[in-house]
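Single-letter residue listing:
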Amino acid sequence: MSKDRQMPNESPYQRMLQECLRGELRVLNAHLPCEQKALSALLTDEYPNVVCHDGSTHLFKRRELEYLAGMLDTDEQAALLLPILIEANPGQDEMAIICRGKVEDKVTAKILDMPVTTKQKRIMLYKPQLALIRKSLKTTTQYLFAPKSSSTLAPL
Amino acid sequence: MPQLIKVRPTKIELIKLRRRLSLAIRIQKIVKDRLSILMLEFLQIARETAQARRGLLEEFSEAYKASSIAVGYQGYIALEKDLLASEQDLEITTGSRNVAGARVPSFELKGAEKATRGYSLADTSSCLDQTAQRAEKCLEDIVILAELQSSLELLGREINRTKRIVNALEYLIVPSLQATIKYLYMKFEERDREEKSRLKRVKVLLEQR
């Protein structure tokens, strides 16, 4: 913590708590990938993985990649970027799948077995739906914690 | 009663405290969200673990039955000879995945389905083939269960840690910050009142002269 932010009579306990909270915010999105990879590229890799911001690697399961490839054609496989990001907004019950194209729509609709609507490049999901998606796409989806609510965020 | 933080009763300190309070509330919301996601994942993995364990026990019993039949059909020594020939190394891809900030392992058995198993199909019975198939399925299930169980353990630990942070924020940090801010406001109001009464007193004294 910088000196100007410290309280003059702040106890070490308070300082530690504050530092712990700041650390919590820092690590929250550290697991996000530096760059997303196309499904078609991952299918050709021997060990399909992406490098995260914290330097670690996130391994994709081949079974899941093949499951996704089974429901998409070649062009769509090249357009689908993995991992698919699921945005969690503070204080909201729904979560959102960030989608850049129509492919994410198609994948979500097929897994949920119902039509989905995209609003501001996001597909809103309720928790039971999220559980269904996470059950079939464990490694190919990742959570993203938005610091502010999505209504205040600019569209991607 | 929340504990007051020792601060100088100045406006600067009040601004700093208010900034800290807004940060704490923001973090509280995010950490609560993270906890709910972790709980969701934990429950799902717990259900899957129970299912996988049941499936594995069933597979084990089926494999044991099949191996008993194979032993009865071929004889123990002949079967052992065939099994020695079919011994192969296992290849498991290991890595990790991240579930809302919690790192959990990821295992995948490579080449689980083999075309040939190392023994002669002409010299052995179909019972042995069936036993081998069952055993391979058991291996796959063991790897899946290992992943699920270790994930469950790690997620449980992360949930405990996150819960402690949420409780500390909810019952300690935020109330003490709110109480200190309230105390500072009261102190400033008290100072204003003192100032007013002092001015009135001075005014009366001046009028008396």
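Nothing here was measured: the structure is a model prediction, and the numbers come from that model.

The rules behind these values
- Residues numbered from 1 in each chain as written.
- Chains lettered and ligands numbered in written order.
- Predicted model: local features only at pLDDT ≥ 70, side-chain atom pairs only at ≥ 80, totals over all residues.
- Helix = DSSP H or I, 4+ residues; strand = E, 2+ residues; numbered from the N terminus.
- Buried ≥ 20, exposed ≤ 12 C-beta atoms within 10 Å, placed from the backbone.
- Contact = placed C-beta atoms within 7 Å.
- Rg over C-alpha atoms; globule rule 2.2 N^0.38 Å.
- pLDDT = per-residue confidence, 0-100.
- Axes fitted to C-alpha atoms, helices over the stretch in contact; angles between N-to-C directions.
- Parallel < 35°, antiparallel > 145°, perpendicular 65-115°, else oblique.
- Left-handed = near helix turned anticlockwise from the far one by under 90°.
- Nonpolar A, V, L, I, M, F, W, Y, C, P; charged D, E, K, R; others polar.
- Core = buried A, V, L, I, M, F, W, Y, C linked by C-beta atoms within 7 Å.
- Pairing = 2+ DSSP bridges.

Please explain the overall build of chain A as it appears in this structure.
If you tally the helices and strands in chain A, you get six helices and nine strands. Going through the 156 residues of chain A one by one, you find that 30% of them count as buried. Pairs at least 24 residues apart make up 58% of the contacts formed inside chain A by residues separated by at least 6 positions.

In this structure, what is going on with the overall build of chain B? I would like to understand it.
Along its length, chain B carries three helices and two strands. Going from N to C terminus, chain B has its helices and strands arranged as α-α-β-β-α. A compact globule built from 209 residues would reach a C-alpha radius of gyration of about 17 Å, whereas chain B, at 35 Å, exceeds it by more than 25%. Considering only C-alpha atoms, chain B reaches an extent of 130 × 25 × 20 Å along its principal axes. Within chain B, residue pairs in contact and separated by at least 24 positions form 86% of the contacts whose partners lie at least 6 positions apart.

I'm lost on the interface of chain B and chain A in this one. Help?
Reports often express the size of an interface as the amount of accessible area lost when the parts come together. Each partner contributes residues to the interface: chain B has 28 residues there, and chain A has 31 residues. Residue assignment for the side of chain B that touches chain A shows that the elements contributing at least two residues are α1 (11-74), β1 (92-99), β2 (102-109) and α3 (126-208) of chain B. The dominant element in the side of chain B that touches chain A, judged by the number of residues it contributes, is α1(B), at 12 residues.

Just checking my understanding: could you explain the confidence of the model for chain A for this structure?
Parts of the prediction with low pLDDT should not have their coordinates interpreted in detail. All names here are of chain A. Per-residue confidence for chain A averages 79 on the pLDDT scale, and 79% of its residues sit at or above 70. Across residues 1-7 the pLDDT falls below 50, and counting only partners more than four positions away or on other chains, this stretch makes seven contacts in the model. In this model residues 150-156 is a low-confidence stretch, pLDDT under 50, and it forms 11 contacts with partners more than four residues away in sequence or in other chains.

Which parts of the structure should I look at to understand unusual backbone geometry?
Negative phi characterises most residues that are not glycine, and trans characterises most peptide bonds. All names here are of chain A. The omega torsion across Leu-82 and Pro-83 is 0 degrees, close enough to zero to call that bond cis. Structurally, Pro-83 is set in the loop between β4 (81-82) and β5 (84-88). In this structure, Gln-120 is a non-glycine residue whose phi angle is positive, near 55 degrees. Its place among the elements puts Gln-120 in the loop between β7 (118-119) and β8 (122-125). Gln-120 sits in the partly exposed class, given 13 other C-beta atoms within 10 Å. You will see that Lys-121, though not glycine, has its phi angle at about 60 degrees, which is positive. Of note, Lys-121 is situated in the loop between β7 and β8.

What should I look at first to understand the packing of α1(B) against α3(B) in this one?
Angle between the axes and distance between the axes are the two parameters that describe a pair of packed helices. Residue and element names in this part refer to chain B. The geometry of α1 relative to α3 is characterised by a closest axis approach of 4 Å and an angle of 165 degrees between their N-to-C directions. The angle between α1 and α3 places the two elements in the roughly antiparallel class. Handedness of the crossing formed by α1 with α3: left-handed. Per-class residue counts for the contact of α1 with α3 are 40 nonpolar, 13 polar and 16 charged.

Mind showing me how you'd approach the nonpolar core here?
Here is a general trend for soluble globular proteins: nonpolar side chains tend to be buried in one another's company. Core analysis: the largest hydrophobic core is formed by 33 residues, its most contacted members being A:Leu80, A:Leu82, A:Ile86 and A:Ile97. Those residues within four positions of A:Ile97 in sequence are excluded, and the remaining contacts are A:Ile84, A:Ile86, A:Glu104, A:Thr108, A:Arg122, A:Ile123 and A:Leu125. One finds B:Leu17, B:Ala24, B:Val31 and B:Leu177 within the second-largest nonpolar core, a separate group that totals 10 residues.

It is not clear to me how the sheet that holds strand β6 (residues 95-98) of chain A should be interpreted in this structure. Could you clarify?
The pairing of strands in a sheet comes from backbone hydrogen bonds and takes either a parallel or an antiparallel form. Residues and elements named next belong to chain A. Taken together, five strands build an open sheet; the order of strands is β7-β8-β6-β5-β9 and the sheet is mixed. The outermost strands of the open sheet, each flanked by one partner alone, are β7 and β9 (141-145). The pairing of β5 with β9 spans five bridges and is parallel. When the sheet's bridge partners are listed, Ile-84 is paired in β9 with Thr-141.

What should I look at first to understand the packing of helix α6 (residues 127-136) of chain A against α1(B) in this one?
Two elements in contact, α6(A) and α1(B), have axes whose closest approach is 11 Å; the angle formed by their N-to-C orientations is 55 degrees. One finds that α6(A) runs oblique with respect to α1(B). Where α6(A) crosses over α1(B), the two elements pack in a sense that is right-handed. When α6(A) is examined against α1(B), the residues A:Lys127, A:Ala131, A:Arg134 and A:Lys135 are found in contact with a partner set consisting of B:Leu40, B:Glu41 and B:Gln44. Among the residues making up the contact of α6(A) with α1(B), the classes are represented as two nonpolar, one polar and four charged.

I tried to follow the confidence of the model for chain B on my own but got confused; where do I start?
Put simply, chain B has an average pLDDT of 86, and 93% of its residues get 70 or more. Predicted confidence in chain B is weakest over helix α2 (residues 76-85) of chain B, with a mean pLDDT of 76, and strongest over α3(B), with 91.

So what exactly am I meant to see when it comes to the environment of A:Leu81 here?
Residue and element names in this part refer to chain A. Tracing the backbone shows Leu-81 in strand β4. For Leu-81, a count of 22 C-beta atoms within 10 Å puts it in the buried group. As a C-alpha pair, Leu-81 and Ala-38 span 43 residues in sequence and 4.4 Å in three-dimensional space. If sequence neighbours within four positions are ignored, Leu-81 has contacts with Gln-36, Lys-37, Ala-38 and Arg-100.

Whenever I open this one, the pairing of β8(A) confuses me. Can you help?
Put simply, side chains in a regular strand alternate between the two faces of the sheet. Residue and element names in this part refer to chain A. Examined bridge by bridge, β6 and β8 share four bridges and lie antiparallel to one another. Looking at β8, one finds that Ile-98 is bridged to Arg-122. Here two bridges tie β7 to β8, and the two strands are oriented antiparallel to one another. Along β8, the bridge assignment pairs Thr-118 with Ile-123. Hairpin connection from β7 to β8: two residues lie between these consecutive antiparallel strands, with Gln-120 at a positive phi of about 55 degrees.

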